[in-house]
Amino acid sequence: MTNPLPTQSRAIIIGGGIVGCSTAYHLAGLGWEVTLLERHKLTSGSTFHAAGLVGQLRTSANITQLLGESVKLYSRLEAETGLATGWKQNGGLRLACNAERWTEVKRQATTARSFGLEMHLLTAAEAQKLWPLMQVEDVVGAAFLPTDGQANPSDITQSLAKGARMNGAKIFEDVEVTGIETKSGRVTAVTTAQGKIACDVVIVCAGQWTRDLCATIGVNVPLVSVEHQYMITEAIPGVAPDLPTLRDPDRLTYYKEEVGGLVMGGYEPNPIPWALNGPPKDFNFSLLNSNWDHFTPIMELAIGRVPALETAGVKTLLNGPESFTPDGNFILGEAPELGGLFVGAGFNAFGIAAGGGAGKVLAEWVAGGAAPYDLWPVDIRRFGRNAGDVTWVRARTLEAYARHYTMAWPSEEFDSARPLRRSALYGRLQDAGACFGEKLGFERPNWFAAAGETPRDIYTYGRPNWFEAVAREHRAVREAVGVFDQSSFAKFYLIGRDAEAALSWMCANNVARPPGTLVYTQMLNARGGIECDLTVARLTEQKYYIVTGTGFATHDADWIVKTISPNMDAQLVDVTSAFATLSLMGPRARDVLQKLTKADISNAAFPFGSVRAIHAAGAPVTALRVTYVGELGWELHIPTEFALTVYDALMEAGAEYGIANCGYRAIETLRLEKGYRAWGSDIGPDHTPLEAGLGWAVKLRGNTPFLGRAALEARRGALPAKFLCGFTVDDPAVILLGRETIHRNGQRAGWLSSGGFGHTVGLPIGYGYVRNAAGVDEDYLRGGEYTLEVATDRIPARLHLAPLYDPEMVRVKA
Ligand SMILES: Cc1cc2nc3c(=O)[nH]c(=O)nc-3n(C[C@H](O)[C@H](O)[C@H](O)COP(=O)(O)OP(=O)(O)OC[C@H]3O[C@@H](n4cnc5c(N)ncnc54)[C@H](O)[C@@H]3O)c2cc1C
């Protein structure tokens, strides 16, 4: 450590907490030249004061896998480096104290099984045997994850740092990065008081300081600091060293054994933000003052569970700040704003649990130029423009913190910092009974209450209060006509002489078609996985209009821009806010639209898969003949200031057909019946179009080169190892939500990526990949007997390889 700083290093990691050290360990292990710079001493940020619980189960299979990588690493690290880590695989207990929580725990047990993680359900008495100090009168049941554990955060970080050095990384303490230099949209160097270091890649693992540091180079990392407290007791008789960790979400608390005593912490419903103007630079090996007033309600809840706490000696009430994020997940990946700038931060009080795996995938992301597998739930590109404002970030983050242990309800929406982005129709839709949800700050109608109904979600694991409203909207679209406000769609122009060439390279479907054509296409990564799923409409020779999901605005723009070769003339322009989108869908859609326009909108003049500039109700409208609900219809893209006029005209014209306002929950039930795939659940970077049943949208027949083609061709002739299938169960009362385990002939074969209800077919519907290492074909799929495991119950299911509703739908063939 006395060595002088290098003047050059291929990668520079900023921050010597667990995440920086884990990233250094892995990246150096991949043969990279790595320099880690820590402003003070290793672990001196949030890491030294973590409690050290290591749990694994998350709602995403891949993030659960990532946490499992931490466990694998921590199990072997001490042997590898000779430095103790305090790792103990003493298992994790989770309690349920009411019926709904028990349902949640059972669903989690099924999810764990889906993802290949061991999780056992226990009675209250069985749980008490594992954790004798607790009272269980109010416990309905418990879950036990035998592979969970705990570690000593500082020791494990030092051990990772030693492993990193053994792999060749250089680690410098007391070196502060004072600036990051950039040129032509890429990082080039970091500056320090001890000199400048040129580099190809900077990886910012600076914990709660990450946001301020990245803001200096125009990169947004939406995290804020929040206080978090736990208590450490003196030794308590009966606390054995192998005591499992314990989570008691109904009492908002967690526990672990420490030197014969207990560590007990909790997630208060009224969290306290820290360092409103950014965390001070000299806050190292530092803690905040104990706040007993704030902790007392948590303490009272804990004493009800563990009465020994009332008399146990208290060593300390530790109050440490940590970085939290608006959705409770951490932030990984290359910043969309700046090439070569990677982030690993915002660990929401599970950075010890996640550190090992997060460092591994971040290193692989850097070295491989792409995430090693689908990491969308933690991808830095999941945020939108709204997350640039720290006030919004803080408000939402405090809500996410307060919800850490509350029930994770299906379809749950956040309440804070709303409304922020409102479509031109917001007021009209509110008057019409809209119950809004929110995505990327945009208010979007989820469903519409009828007269006498209250537009408010009442969450449950059973049939929700919006079920009948969604059924009404669903029927209106199938039988008459409905209008959806989809103004939040992300929309772009791609303009330039090379727009066609650029898009032809990045799209799996054929977009080199004449102006007026519209194509549904995927964009693939080099592995053939689906990075984007969108609509590309050609407006003129040199101008395309691209429409994608609200939540994918940042991600898809980043993918497109980065995939355009630098010598091409093709500019991406974000026009999301310029256009409102009204989707007019249903068998009477043409009748309604025709009343507003003189344009010929007959099937002959305006067929499926085409785009036309028309006038409707006096407004210039870009009309796209496309559907995500499986009915005749148009997406009407309208300059925002005309939108209200067009909406009013549509409602007036549609009155005689019973036109209905419809929301996003109806879109979901309609698309499930039609078998349309949703990016982020059914399809994503880990799935090829051929596995997803989207081979019809891939231009493999011709010779046109496109990104991902080589990977698809390399697998030609071999059967895919998985295929996306539809399932129904006969009992309409069964609630499918996604993540239910698929069993084929009694063997675990996958899990549902989507679940819901089809109001036309009257059945619960699920989609999921059936997996088989030896390959999957139609005979294999049809040759199986299927059950779905729903909250630990096995329910017979029917397999469907065609859409459940109107399989004859006309598609644009590749
Ligand atoms: C009270 C409490 C209890 C917790 N309990 C648990 C638990 O039980 N389990 C669990 O998994 N997690 C827990 N955590 C969370 C865990 O502590 C964090 O998620 C984790 O330590 C984050 O690690 P990090 O490497 O991202 O950040 P940090 O450890 O904060 O490291 C960031 C480092 O960057 C350095 N740095 C910043 N700016 C610069 C710069 N310009 N130049 C050089 N260096 C810089 C800082 O000095 C710091 O050392 C807990 C947190 C708290 C507060």
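Refer to the structure above for everything that follows.
Residues numbered from 1 in each chain as written. Predicted model: local features only at pLDDT ≥ 70, side-chain atom pairs only at ≥ 80, totals over all residues. Heavy atoms only, no water.

**Quick notes on the pairing of strand β11 (residues 195–198)**
Of the strand pairs in this sheet, strand β10 (residues 186–192) and β11 are connected by four bridges, and their pairing is antiparallel. The residue bridging V190 from the neighbouring strand is I197, located in β11. Between β10 and β11, which pair antiparallel and follow one another directly, the connecting turn spans two residues. (Pairing = 2+ DSSP bridges. Helix = DSSP H or I, 4+ residues; strand = E, 2+ residues; numbered from the N terminus.)

**Topic: unusual backbone geometry**
Of note, the bond from R418 into P419 is cis; its omega dihedral lies within 30 degrees of zero at -10°. In this structure, N348 takes a positive phi of about 50° despite not being glycine. Within the element layout of this structure, N348 appears in the loop between β20 (341–345) and α8 (351–368). Positioned with a positive phi, A349 is a non-glycine residue whose angle comes to about 60°. Its location among the elements puts A349 in the loop between β20 and α8.

**Concerning the pattern of salt bridges**
Applying the stated criterion to the full structure yields 46 salt bridges. One salt bridge connects K562 with E334, and the closest N-O pair in it is separated by 3.9 Å. One end of the pair, K562, is in helix α13 (residues 553–563); the other, E334, is in strand β19 (residues 331–334), with 228 residues separating them in the sequence. Take K562: its relative accessible area is 41%, and that puts it in the partly exposed class. When the shortest N-O distance is used, the salt bridge between R671 and E668 registers 2.9 Å. In this pair, R671 and E668 both sit in helix α16 (residues 664–674), three residues apart, roughly one turn of the helix. With relative accessibility at 30%, the residue E668 sits in the partly exposed group. Counted as one network, the salt bridges with shared partners bring together R396, E399, R403, E412, D415 and E438. (Salt bridge = Lys/Arg side-chain N within 4 Å of Asp/Glu carboxyl O. Buried < 20%, exposed > 50% of the residue type's maximum accessible area, 1.4 Å probe, protein only.)

**Observations regarding empty space enclosed by the protein**
One water molecule sets the probe size; rolling that probe over the atoms shows where empty space is left. For the structure on display, the rule yields two cavities of 30 Å³ or more. Size it by volume and the largest cavity reaches roughly 70 Å³. Surrounding the largest cavity, F484, Q486, S583, M585, V626, T627, Y628, V629, E635 and I667 form its lining. Size it by volume and the second largest cavity reaches roughly 50 Å³. If you go around the second largest cavity, the residues you meet are Q208, R211, D212, L223, V224, S225, A275, G278, P279 and R394. For the lining of the second largest cavity, the elements supplying multiple residues, two or more each, are α6 (210–215) and β13 (224–233). For the lining of the second largest cavity, the per-class residue count stands at four nonpolar, three polar and three charged. (1 Å grid on protein atoms, 1.4 Å probe; cavity = no way out; pocket = protein on both sides within 12 Å on 5 of 7 lines; lining within 4 Å. Points joined across faces, edges and corners; volume = space filled by probe spheres on them. Nonpolar A, V, L, I, M, F, W, Y, C, P; charged D, E, K, R; others polar.)

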